[in-house]
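Chain residues, written in single-letter form:
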Amino acid sequence: EAAKAIKLVEDPSKPAAKKIKIKDTTDHRNVRVAISGWVHRLRQQKSMIFITLRDGTGLLQCILADKLTETYDALTMTLETSITLHGEIKELPAGAHAPGGHELIVDYYTVIGRAPGGDEAITNIVAPDADPQTKYNNRHLTIRGDVASANLKVRAAVVRAFRRSYDDLGLLEVTPPCMVQTMCEGGATLFEFDYYGEKAYLTQSSQLYLETCLPSLGDVFCIQESFRAEKSLTRRHLSEYTHIEAELAFITFDDLLNHLEDMICRTIDHVWNDPQIRAFIQELNEEANREEKKRFEKKEVAEIKHYEFQPPQRPFRRMKYEEAIAWLNEHGIPNEEGEPHKFGDDIAEAAERRMTDILNTPIFLTHFPFELKAFYMKKDPSDPRVTESVDCLMPGVGEIVGGSMRMDDLEELLAAYKREGIPADPYYWFTDQRKYGTTPHGGYGIGLERLLAWITGRWTVKECSLYPRWMGRCTP
Ligand code: 4AD
């Protein structure tokens, strides 16, 4: 058949095609356009080819008819071929459906880059039911799919919305270093590397650096990668994740909680009020429900959870750690040793998830015992057993935010270094904040991938990262 293929020539009498992106198609109906993209879906009929074109900004149905279907390129067309299509965008007849409510009636095209068919066809490499390792080995191809790309678009919208909210509230963005010589969240999860013969680490959190910016820039935030050498494989731990952190001066613990609640609600409102992004979230939730049903059928989960994201109501439920311990015991949820929880126990991931799922509302879990928390946290003046600390827990994921008031007293901080066996020298610049005009201050860190898993209903945070890293995976 290929031998009989004809060669296409563009009709010189037609007006020049205007180069546009799919997102701009509605404004360009009935004019001649040129649109470049990749063949996302392909349906071939006698003398008709239906291409769903993808260019990253959207999808477009394109129709090739008659002579256009008889070229070598048309006869050997495969998914993922890159192509430029010329033609006019026409509104669909009533009752017909396609993205945007219109289609491109193609009059000329050129193939830019062919893609393999057969064994190497994209559908054979990243089949919807492929095992997760195969999907992650081929993440560069998986991200071309509807689910992964929708999730990445929601991610971009969330990041954009955070920046907008911080701007609304007057916090300034800074970019702290990723290569550091101090730890923030404990030695156990530090990635160490050789820095010109000196020991250095990948940052676990930008918090200590944000604190130093307060006297210089006022309240600040950053959106920066954090790194944790997590030695466990869970659904919510990555080795590299995007950390949204903020630090505020001259505040009380209550101010911190109110600010955090405001930031989360404001940001989600910005995201939710964008109709395109809301549609992506709803599609992702529906897909999550289909996946949950499969897990239930395969007996991977004991009950079916329904995903339907709704912006949270204010105020968030506030619960002290001590109340949570009592709540877990009242509800027969044991600690990791299978015994009733007692004051001082770390609330493990399973118990925390269980509690959040039952309460099914955002929770500010506060006042953790100081032994469970990082060295820098300020103690509660009314109860020295606990710190002015907060974890924000969301249904479906559990903890998505960790924050606290910081020790602002020099002597107390020096004593904390001693207690924790931390050498004070490398921290001189952090300590100096307490020496040169100390202030009460506090802040928090939000795990972007966890926040997204909550919004889009992902089973694991890995799906919320462009190229996720976890124990055993640092590629592609
Ligand atoms: O609770 P964490 O460890 O708190 C801090 O790092 C503070 N220094 C932040 C601050 O106050 N500026 O981490 C904060 C959040 C967690 O709630 C979680 O959402 C996320 O970061 N996170 C992770 N996300 C993915 N993978 C991991 N391994 C994570 N570890 C923490």
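Residues numbered from 1 in each chain as written. Predicted model: local features only at pLDDT ≥ 70, side-chain atom pairs only at ≥ 80, totals over all residues.

K.L.:
Which residues make up the overall build of the chain, and what are the values?
P.N.:
Within the chain, the secondary structure is distributed over 13 helices and 19 strands. Taken along the three principal axes of its C-alpha coordinates, the chain extends 85 × 50 × 45 Å. For the chain, the residues scored as buried account for 33% of the 476 residues in total. (Helix = DSSP H or I, 4+ residues; strand = E, 2+ residues; numbered from the N terminus. Buried ≥ 20, exposed ≤ 12 C-beta atoms within 10 Å, placed from the backbone.)

K.L.:
Lay out the site of the ligand with the relevant residues and their values.
P.N.:
As a structural note, the neighbourhood of the ligand is formed by 23 residues, with Ser205, Gln207, Gly402, Gly445 and Gly447 the closest of them. Sorting the residues of the shell around the ligand by element identifies strand S12 (240-249), strand S18 (398-405), strand S19 (441-447) and helix H13 (448-456) as the ones contributing at least two each. Counting residues per element, the shell around the ligand draws most heavily on S18, which supplies five residues. When grouped by side-chain class, the residues that make up the shell around the ligand number seven nonpolar, nine polar and seven charged. (Near = placed C-beta within 6 Å. Nonpolar A, V, L, I, M, F, W, Y, C, P; charged D, E, K, R; others polar.)

K.L.:
Explain helix H11 (residues 410-420) residue by residue, including any values.
P.N.:
Taken across its eleven residues, H11 has one buried, putting it largely on the surface. Downstream of H11 by a residue or two, glycine 421 has a phi angle that is positive, lying close to 70°.

K.L.:
So, the domain arrangement of the chain: which residues are in play, and what are the values?
P.N.:
Where interface size is given, it is often the accessible area lost as the parts come together that is meant. Parsing the chain into structural domains produces domain 1 (2-120) and domain 2 (134-464). Taking only C-alpha atoms, the centre of domain 1 and the centre of domain 2 are 45 Å apart. (Domains from an automatic or database assignment.)

K.L.:
Requested: an account of the UniProt feature "domain: Aminoacyl-transfer RNA synthetases class-II family profile" (unreviewed entry) in the chain, with residues and values cited.
P.N.:
Those residues carrying the UniProt feature "domain: Aminoacyl-transfer RNA synthetases class-II family profile" (unreviewed entry) are residues 152-468 in this numbering. The span residues 152-468 is 37% helical and 21% strand by assignment, and the distance between its end C-alpha atoms comes to 12 Å. (UniProt positions renumbered as here; feature names shortened; annotations may be inferred.)

K.L.:
A description of the sheet that holds strand S9 (residues 192-195) should follow, citing residues and the corresponding values.
P.N.:
Within a sheet, each strand pairs with its neighbour through backbone hydrogen bonds, oriented either parallel or antiparallel. Read from one edge of the open sheet, three strands run S8-S10-S9, paired in antiparallel fashion. On the outer flanks of this sheet lie strand S8 (179-180) and S9, each paired with one strand and no other. Two strands pair when backbone bridges link them, and S9 and strand S10 (residues 198-202) are joined in this way by four bridges, in the antiparallel orientation. Across the sheet, aspartate 194 pairs through a bridge with lysine 199, a residue of S10. (Pairing = 2+ DSSP bridges.)

K.L.:
How would you summarise the environment of glutamate 80 if you had to cite specific residues and measurements?
P.N.:
Tracing the backbone shows glutamate 80 in the loop between helix H1 (72-75) and strand S5 (82-91). For glutamate 80 and glutamate 330, which are 250 residues apart along the polypeptide, the C-alpha to C-alpha distance reads 55 Å. Once residues within four sequence positions are removed from consideration, glutamate 80 is found in contact with Trp38, Val39, Ala115 and Ile122. (Contact = placed C-beta atoms within 7 Å.)

K.L.:
Would you mind going over the sheet that holds strand S17 (residues 389-394) in detail, with residue names and values included?
P.N.:
If you walk across this open sheet you meet the eight strands as S7-S11-S12-S19-S18-S17-S14-S13, and the pairing is mixed. Single-partner strands in this sheet number two, and they are strand S7 (172-173) and strand S13 (317-320). Pairing of strand S11 (residues 220-227) with S12, which is carried by eight bridges, proceeds in the antiparallel orientation. Residue pairing in the sheet places valine 220 in a bridge with glutamate 247 of S12. Strand contacts of helix H10 (residues 349-359): S13, strand S14 (363-366), S17 and S18, with the helix running at about 100° to S18, the strand carrying the most contacts. Contacts from H13 reach S12, S17, S18 and S19, with the element oriented near 60° to S19. (Axes fitted to C-alpha atoms, helices over the stretch in contact; angles between N-to-C directions.)

K.L.:
I'd like a description of the pairing of S18, backed by residues and values.
P.N.:
Where burial is concerned, most of S18 is hidden: seven out of the eight residues are buried. Strand direction decides the pairing type here: S17 and S18, joined by six bridges, are antiparallel. The residue of S18 that forms the bridge with serine 389 is serine 404. The hairpin turn running from S17 into S18, its antiparallel successor, is three residues long, and glycine 396 in that turn takes a positive phi close to 90°. Of the strand pairs in this sheet, S18 and S19 are connected by five bridges, and their pairing is antiparallel. Along S19, the bridge assignment pairs glycine 402 with glycine 445.

K.L.:
Go over the environment of serine 232 with me, naming the residues and quoting the values.
P.N.:
In this structure, serine 232 sits in the loop between S11 and S12. Judged by the 8 C-beta atoms lying within 10 Å of it, serine 232 falls in the exposed class. C-alpha of serine 232 to C-alpha of valine 31: the two residues are 201 residues apart in sequence and 56 Å apart in space.

K.L.:
I'd like to hear about the packing of helix H5 (residues 146-169) against H13, residue by residue, with values.
P.N.:
Direction vectors running N to C along H5 and H13 enclose 120°, while the axes themselves pass 11 Å from each other. What the angle tells us is that H5 and H13 run oblique. Remark: the crossing between H5 and H13 carries right-handed chirality. Two secondary-structure elements touch here, H5 through Asn151, Val154, Arg155 and Val158 and H13 through Leu448, Leu451, Leu452, Ile455 and Thr456. Class assignment for the residues of the contact of H5 with H13 results in six nonpolar, two polar and one charged. (Parallel < 35°, antiparallel > 145°, perpendicular 65-115°, else oblique. Left-handed = near helix turned anticlockwise from the far one by under 90°.)

K.L.:
An account of the nonpolar core is needed here, citing residue identities and associated values.
P.N.:
Core analysis: the biggest nonpolar cluster contains 76 residues, and Val154, Val158, Leu260, Cys392, Ile400, Leu451 and Leu452 have the highest contact counts within it. For this core, the leading source of residues is helix H7 (residues 253-272), giving eight residues. With near-sequence residues (within four places) excluded, valine 154 lies in contact with Ile277, Phe280, Ile281, Leu452, Ile455 and Thr456. Listed in part, the 18 residues of the second largest apolar core include Ile22, Val33, Trp38 and Leu53. (Core = buried A, V, L, I, M, F, W, Y, C linked by C-beta atoms within 7 Å.)

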